[in-house]
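# Structural characterization, general
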Amino acid sequence: MPGSIPAHARAVVVGGGIVGCSVAYHLAKLGWRDVVLLERRQLSCGTTWHAAGLVGQLRSSHNLTRLASYGAVLYERLEAETGQATGFRRSGSISVARSAERLTELKRGASMARCFGVDVEVISPREAGRLWPLMRTDDLAGAVWIPRDGRTNPIDTTLALAKGARNAGATILENVTVTGINRTNGAATGVSTDQGDIVSDVVVNCAGMWGREVGRMAAVNVPLHASEHFYIVTEPLAGVTRDLPVLRDTDGYIYAREEVGGLLMGGFEPVAKPWAMDGIPTDFGFSLLPEDWEHFRVLMEQAIVRIPALESAPVRRHVNGPESFTPDNRYMLGEAPELRNFFVAAGFNSVGIASAAGAGKALAEWIVGGEPSMDLWDVDIRRFMPFQGNRRYLRERTTEVVGLLYAMHWPFRQPETARGVRRSVLHDRLAARGAGFGVVAGWERANWFSAAGVEPRYIYTYGRQNWFPGAAAEHRAVRESAGLFDQSSLAKFLLEGPDATATLQRLCANDVDVAAGRIVYTQMLNRRGGIECDVTVTRLTADAYLVITIAAAATHDADWIRRGIGDARVTLTDVTSAFTVLGVMGPRSREILSRLTNADLSNATFPFGTTREIEVGYATVRATRITYVGELGWELHVPTEFAMGVYDDVVAAGEDLGLRHAGYHAMDSLRLEKGYRSWGHDIGGDDTPLEAGLGFAVSFKKSGFVGRDALLRQRETPLPRRLVMFTLDDPEPLLLGDEPIYRDGALVGRITSGAFGHTLGRSVGMGYVAHADGVDEAFLQAGRWELEIATERFPATAQLEPPYDPKSTRVRS
Ligand SMILES: Cc1cc2nc3c(=O)[nH]c(=O)nc-3n(C[C@H](O)[C@H](O)[C@H](O)COP(=O)(O)OP(=O)(O)OC[C@H]3O[C@@H](n4cnc5c(N)ncnc54)[C@H](O)[C@@H]3O)c2cc1C
C-alpha cells in the first residue's frame, strides 16, 4: 500500500527468508529499534518455504560449528519466547560410510567435532541399523552418530524469528520490492522501492538467490548462482517413526528423514542443474520448478540401495526448488568491500536453515559493533575476487559445487569446473615441465611437478597421495640445492602518497618507517589485537611502499587498507598483474643468480630483508631477499612481459647446480618445518601476534597503531593461549589440520595446519594450546602430548620454537 513505508530506518533488510528474518531478529535484540525488513512477496516465499529443514551442527571450522550449534539452541527456545512453534526437534543424525576411505573421513570429522564440543560417536553398521531400521547395513564400513543434531520446520521457524523481531521493535513489510540501492560517497544511504524511498544507515542484502541482482543494484559483487535442488516425500511407511534420526549416505549422494509418517529423501547429485541463467522470474514466490525424474534418477537409484523400502513406496510429492550456491560452497557474510554500510548474508548452499540463526547473529553483531565479533574468514564476502561474479564462471562452477557437499572431502581436492581462469604467463612452460595445478583465488598454481611421462593428475586418498614423492624431491632440492617457484599469484599493492608512512605506521604493528630498500614483515591488527592482515611491506621511496599478501587475501587486505586510509593523502593500486614473481630458494640460489647478474648478492651488500633492482639477463627486476621456506633465497619481481626470458635464463643457469621446479605442496611442508604461519589457517582475526608467537614483529616503541592497547593489556599476564609446534613421533600418520591436541589425556587445543615434513621425516604441524595459568616452554616440556587423527591418538613432541633451523642461520647465510 503506497505511503505505508517509513521514510527513515537505521537498517533496511532486503528479503524475508529465514536469513533476513534472523538478521532483523538479532539486530532488534541488540537494541536497534528502527529496523525495517522488506519482502517483495510474503515471508519465506523464496527458497526457505520448501527446505527439508535439516539442522546439522558440524561445519568445516570452529566458528562455523559454533554458529550452527547456536541455531539448534535458538530454534529450540524460540517457541517459548515468541509463542510461535518452530517444529524443531533434536532427532539426532547418522552419517554412514560405504568405504574405508569415507569412514576415515567421518572419523576425522568426529575428531574435529570433539575440538568443537559437538557430541559425536563412531558406531558400527549394526548399531546404525538399530537406530534406522529401514536401512540396509551389510555393505557399510561404519557410521557416525550425532545425537544432538536436529530438524525444524523452515516456514514456522522463519515466522518465529519474524515474530521475535517484531516483538523487539522491528518493522516487517511484505509486498514491497526493493528496486535500487542509494549511495553517496562510497556508502549505502538507503533503498528505493516500488512504494517510495527509505533513507537508512545500513542496508542488508538477504535476498537469497536474488542476492546477486540486489548486489548489482549497488555495484557490489555477490557471486552466487541458483541451481535446481530436489527431494521427494513418500506416503506413510511402516517402520518410519517420528523420532527417526536424519540419515546421510553421502557415498550415495542422499539424505532422508521422517515426514508425516513417510520419508523425505533428497540429495546432492554429482552434476547439478544451474537455473535462471538470465535472471529469476519476477513472479517467483512459493513456486516450484517442473519435476525432473530423469535428473532425480541418480539419487533414486542410490536411495533404493540404502533404503530398499523406497523402491515400492508411493511418492506423495516431488519437490524441485531452486537454491543459491557460491563458488566454494560457503555462504557470504559481511560488509561489501565495494560499498560501506552495505552488508550481505546470502548464498547459503543448501544449509541456510541450519546456518541462518548463527549467520544472522554474527552479522548483526558485525553491523552493530562495526567489526566482526569473531573470525568469520571462512564465510567473509571478501574472500571472493571480482572475477567470481562472472556469469560463465558461476554457471560452470554451480554444476559441480552442489555435488561437492556430499562428495569425498579429499585433502587437497581441486575443483574441476571453471578452471584456467587466471594463469601466470609461465603457465605453459610449467605445464611442459609436468606441473600439477591447483587453484587459489582463480589462479592456476603449480602444486607439484610429476616425473617425466607421468600425467600430473591428482589421485586422492587420505593417505599419501600420488604427488607425495615429487613434492618430497622438490622439498629436498630446496633444502640442499635450490628450488624454483612461480609465486606470481601473490597479491601486490602499491601504496603511495605524502601520508603513506603515517598511514602504514597506524595500520601496521611493526615499524615500517625504515630506510628505502628494507622489507618489513608485519601484521595489521583489529582493535582486539587480532591479525587482520599478514603482509610484507617494502619501502621503495620516502612515500611509496609495496605491500604483498597471499592471493586468497587480496580482496580482504585491500579492503582493510583502504578503510584504514580514510581521508589520508594516499592511493592504493593493485599491481598484481604487472609482475611475475619467481622464487629462487635454497643454498645455491646465490650462485645461480650470480651467473645472470653483475649485482653483488653477498650478505654484506644484499642482506636478508632488503630489496634492490638488479639486472637479470635482459631484464631489470626487483630482487627481494626474503623467504617462506626457511632458506637463503630471492623473490624476483619481474615485469610480466620480461618474465619468460628471465625464467628461461634462471632455468638454464640452475641446471648443473641442482635447481628444481617446485610447487606449493613443497612450499607448505618447507614453511611448516620452519614454523612460518599461514594467514587464514594459523593466524586470523581471533589470534594476536603475541599468541601466535609473532611478538618479534610488533614494535611496542611505536605509539598509536591499531590494536596496540589490546596487546599491551595482553602483555601484562602470562599468555593463556599460544601457537605451539608439534612433530609426531611416528613417521607414518599424516597431519592435515583440525586434529585435536591432548596434554596428559586432556583436550587442550587443535592443529591449525599440518603436513609431512620431508626433512624431519615425520608430520609437523602447529596449533593453539590453551591453559589458564599460561603456556610456556616449561608447561610444554612437562606434558605428555598426543594428536588425534581419525579418532586414534599418536604421541607427539611439543615446542615453541620451530623444529627446523630455529635460529634462522640458513636464511641469513
Ligand atoms: C530442496 C531444498 C532443500 C533444502 N533443505 C535444507 C535443509 O535441510 N537444511 C538447511 O539448512 N537448508 C536447506 N535448504 C536451503 C535453505 O532452504 C536455504 O539456504 C535458505 O532458505 C535460504 O534462505 P534465504 O533467506 O537466504 O533465502 P530466501 O528464502 O530465498 O529469501 C530471500 C527473500 O528475498 C526476497 N527478495 C528478493 N529480492 C527482493 C527485493 N528486490 N526486494 C524485496 N525482497 C526481495 C525473496 O522474495 C525471498 O523471500 C534447502 C533448499 C532446497 C531448495
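Here goes a summary of the coordinates provided. (Residues numbered from 1 in each chain as written. Predicted model: local features only at pLDDT ≥ 70, side-chain atom pairs only at ≥ 80, totals over all residues. Heavy atoms only, no water.)

## A look at the overall build of the protein chain
When you go through the protein chain residue by residue, the secondary structure sums to 18 helices and 38 strands. Against the 2.2 N^0.38 benchmark of 28 Å for 813 residues, the protein chain shows a C-alpha radius of gyration of 27 Å, consistent with a compact globule. For the protein chain, the spread of C-alpha atoms along the three principal axes comes to 80 × 65 × 55 Å. Contacts in the protein chain between residues far apart in sequence, at least 24 positions, make up 73% of those at least 6 positions apart. (Helix = DSSP H or I, 4+ residues; strand = E, 2+ residues; numbered from the N terminus. Rg over C-alpha atoms; globule rule 2.2 N^0.38 Å. Contact = heavy atoms within 4.5 Å.)

## Notes on the sheet that holds strand 29 (residues 611-616)
Pairing is mixed in the open sheet, where six strands are placed in the order 29-30-31-28-22-32. Each edge of the sheet is formed by a strand with only one pairing partner; in this case those strands are strand 29 and strand 32 (659-661). Across the sheet, the mean angle from the axis of one strand to that of its neighbour is 30°, orientation sign disregarded. Across four bridges, the pairing between strand 22 (residues 482-486) and strand 28 (residues 579-585) is antiparallel. From the neighbouring strand, leucine 484 faces strand 28, where its bridge partner is valine 584. Contacts from helix 11 (residues 468-480) reach strand 22, strand 28 and strand 32, with the element oriented near 120° to strand 22. (Pairing = 2+ DSSP bridges. Axes fitted to C-alpha atoms, helices over the stretch in contact; angles between N-to-C directions.)

## Here's the deal with helix 12 (residues 500-507)
The buried count for helix 12 comes to six of eight residues, which makes it a mostly enclosed element. Within the sequence span of helix 12, burial applies to Ala500, Thr501, Thr503, Leu504, Gln505 and Leu507. The inward-facing, buried residues of helix 12 contact strand 23 (491-496), strand 24 (519-525), strand 25 (531-541), strand 26 (544-549) and helix 13 (554-565). (Buried < 20%, exposed > 50% of the residue type's maximum accessible area, 1.4 Å probe, protein only.)

## Thoughts on unusual backbone geometry
Trans peptide bonds make up most of the peptide bonds, and negative phi angles are found at most residues other than glycine. For alanine 441, which is not a glycine, the phi torsion comes out positive at approximately 50°. Looking at the element boundaries, alanine 441 is found in the loop between strand 20 (435-440) and strand 21 (443-449). By relative accessible area, alanine 441 is classed as buried at 16%. Within the chain, alanine 790 stands out as a residue other than glycine whose phi angle is a positive 50°.

## Section: the site of the ligand
Contacts to the ligand come from 36 residues, most closely from Glu39, Arg40, Thr48, Glu323 and Ala354. Between the ligand and the protein, one listed contact pairs an oxygen atom with a side-chain N or O atom of glutamate 39 at 2.7 Å. Separating an oxygen atom of the ligand from a side-chain N or O atom of glutamate 323 is a distance of 2.5 Å. Computed on the free molecule, the ligand has an accessible area of 1,000 Å², of which 98% lies beneath the protein chains in the complex. Of all the secondary-structure elements, those providing two or more residues to the shell around the ligand are helix 1 (18-29), strand 2 (35-39), strand 12 (225-234), strand 16 (315-325) and helix 8 (352-369). Broken down by class, the residue content of the shell around the ligand amounts to 19 nonpolar, 14 polar and three charged. (Near = heavy atom within 4 Å. Polar contact = N/O pair within 3.5 Å; in protein donor to acceptor, adjacent residues only side chain to side chain. Areas by Shrake-Rupley, 256 points an atom, 1.4 Å probe, with all protein chains shown as cover. Nonpolar A, V, L, I, M, F, W, Y, C, P; charged D, E, K, R; others polar.)

## Thoughts on the sheet that holds strand 20
Spatially, 19-21-20 is the arrangement adopted by the three strands of the open sheet, whose pairing is mixed. Lying at the two open borders of the sheet, with one neighbouring strand each, are strand 19 (422-423) and strand 20. Alignment of strand 19 against strand 21, held across two bridges, turns out to be parallel. Across the sheet, arginine 422 pairs through a bridge with tryptophan 443, a residue of strand 21.

## A closer look at the nonpolar core
Counting residues in hydrophobic clusters, the biggest one holds 51 residues, and the most contacted among them are Val13, Leu27, Tyr75, Val204, Leu333 and Leu363. Listed by contribution, the elements that provide at least two residues to this core are strand 1 (8-14), helix 1, strand 2, helix 2 (62-82), helix 5 (154-167), strand 11 (196-205), strand 18 (342-346) and helix 8. The element best represented in this core is helix 8, accounting for ten residues. Apart from the residues lying within four places of it in its own chain, the contact partners of leucine 333 are Val344, Ala345, Ala359, Ala362, Leu363, Trp366, Leu376, Val379, Asp380 and Ile381. Membership of the second largest hydrophobic core comes to 35 residues, among which are Met209, Phe284, Leu289 and Ile381. (Core = buried A, V, L, I, M, F, W, Y, C linked by side-chain atoms within 4.5 Å.)

## Observations regarding the environment of methionine 725
Assignment of secondary structure puts methionine 725 in strand 33 (residues 721-728). Sequence separation between methionine 725 and isoleucine 751 is 26 residues; the distance between their C-alpha atoms is 9.2 Å.

## Here we look at the pattern of salt bridges
What the rule picks out here adds up to 51 salt bridges. With its nearest N and O atoms 2.9 Å apart, the salt bridge here joins aspartate 139 to arginine 306. In this pair, aspartate 139 is assigned in the loop between helix 4 (125-131) and strand 6 (142-146) and arginine 306 in helix 7 (residues 293-306), connecting sequence segments 167 residues apart. Between arginine 257 and glutamate 259 there is a salt bridge; the shortest N-O distance is 2.7 Å. Exposure class is identical for arginine 257 and glutamate 259. Each is buried. (Salt bridge = Lys/Arg side-chain N within 4 Å of Asp/Glu carboxyl O.)

## What about the packing of aromatic side chains?
Under the counting rule described, the total for this entry stands at 22 aromatic pairs. Judged by centre distance (5.2 Å) and plane angle (75°), the ring pair of phenylalanine 387 and tyrosine 393 falls under edge-to-face. Residue classification places tyrosine 393 among the buried positions, given a relative accessible area of 7%. Between the NZ or CZ atom of arginine 464 and the centre of the ring of phenylalanine 756, over which it lies, the distance is 5.1 Å. Residue placement shows arginine 793 over the ring face of tyrosine 742; its charged tip is 3.5 Å from the ring centre. (Phe/Tyr/Trp six-rings, centres within 6.5 Å; stacked < 30°, edge-to-face > 60°. Lys NZ or Arg CZ within 6 Å of the ring centre and 35° of its normal.)

## Structural notes on the pairing of strand 2
Regular strands show a simple pattern: their side chains alternate between the two faces of the sheet. In terms of residue burial, strand 2 counts as a mostly covered element, since five of its five residues are buried. Both faces of strand 2 are covered, namely the face carrying Val35, Leu37 and Glu39 and the face carrying Val36 and Leu38. Sheet topology note: the strand 1/strand 2 ladder contains four bridges and is parallel. When the sheet's bridge partners are listed, valine 14 is paired in strand 2 with leucine 38. With respect to chirality, the unit in which strand 1 leads through helix 1 into the neighbouring parallel strand 2 is right-handed. Direction of pairing for strand 2 relative to strand 8 (residues 171-174): parallel, over a ladder of four bridges. Within strand 8, the residue paired with leucine 38 across the bridge is leucine 173. (Right-handed = clockwise from strand over helix to strand, strands pointing away.)

## With respect to the packing of helix 12 against helix 13
Their axes nearest at 10 Å, the elements helix 12 and helix 13 cross at an angle of 115°. For the element pair helix 12 and helix 13, the recorded crossing hand is right-handed. Here helix 12 contributes Thr503, Arg506 and Leu507 to the contact with helix 13, which in turn contributes Ile561, Gly564 and Ile565. Within the contact of helix 12 with helix 13, the residues separate by chemical class into three nonpolar, two polar and one charged. (Left-handed = near helix turned anticlockwise from the far one by under 90°.)

## Concerning the state of the cysteines
Scanning the model with the defined rule gives zero disulfides in all. Residue cysteine 508 stays outside any disulfide, its sulfur separated by 8.5 Å from that of cysteine 533, the closest cysteine. (Disulfide = S-S within 2.5 Å.)

## Observations concerning the pairing of strand 35 (residues 746-757)
Taking burial as the measure, the twelve residues of strand 35 include nine buried ones, the bulk of the element. When strand 34 (residues 740-743) meets strand 35, the two strands line up antiparallel, connected through four bridges. Of the residues in strand 35, the one forming a bridge with isoleucine 741 is glycine 749. Linking two consecutive strands that pair antiparallel, namely strand 34 and strand 35, is a turn of two residues; a positive phi of about 45° is found at aspartate 744 within it. Across eight bridges, the pairing between strand 35 and strand 36 (residues 762-770) is antiparallel. In the strand pairing of strand 36, alanine 755 is matched with valine 764. The antiparallel pairing of strand 35 with strand 36 creates a hairpin that spans four residues between the two strands, and glycine 761 there sits at a positive phi of about 75°.

## As for the packing of helix 2 against helix 5
Axis separation between helix 2 and helix 5 bottoms out at 10 Å; the angle between their running directions is 55°. The angle between helix 2 and helix 5 falls in the class oblique. The crossing of helix 2 and helix 5 is left-handed. Where helix 2 approaches helix 5, its residues Leu74, Tyr75, Leu78 and Thr82 are matched on the opposing element by Thr157, Ala160, Leu161, Lys163, Gly164 and Asn167. Among the residues making up the contact of helix 2 with helix 5, the classes are represented as five nonpolar, four polar and one charged. (Parallel < 35°, antiparallel > 145°, perpendicular 65-115°, else oblique.)

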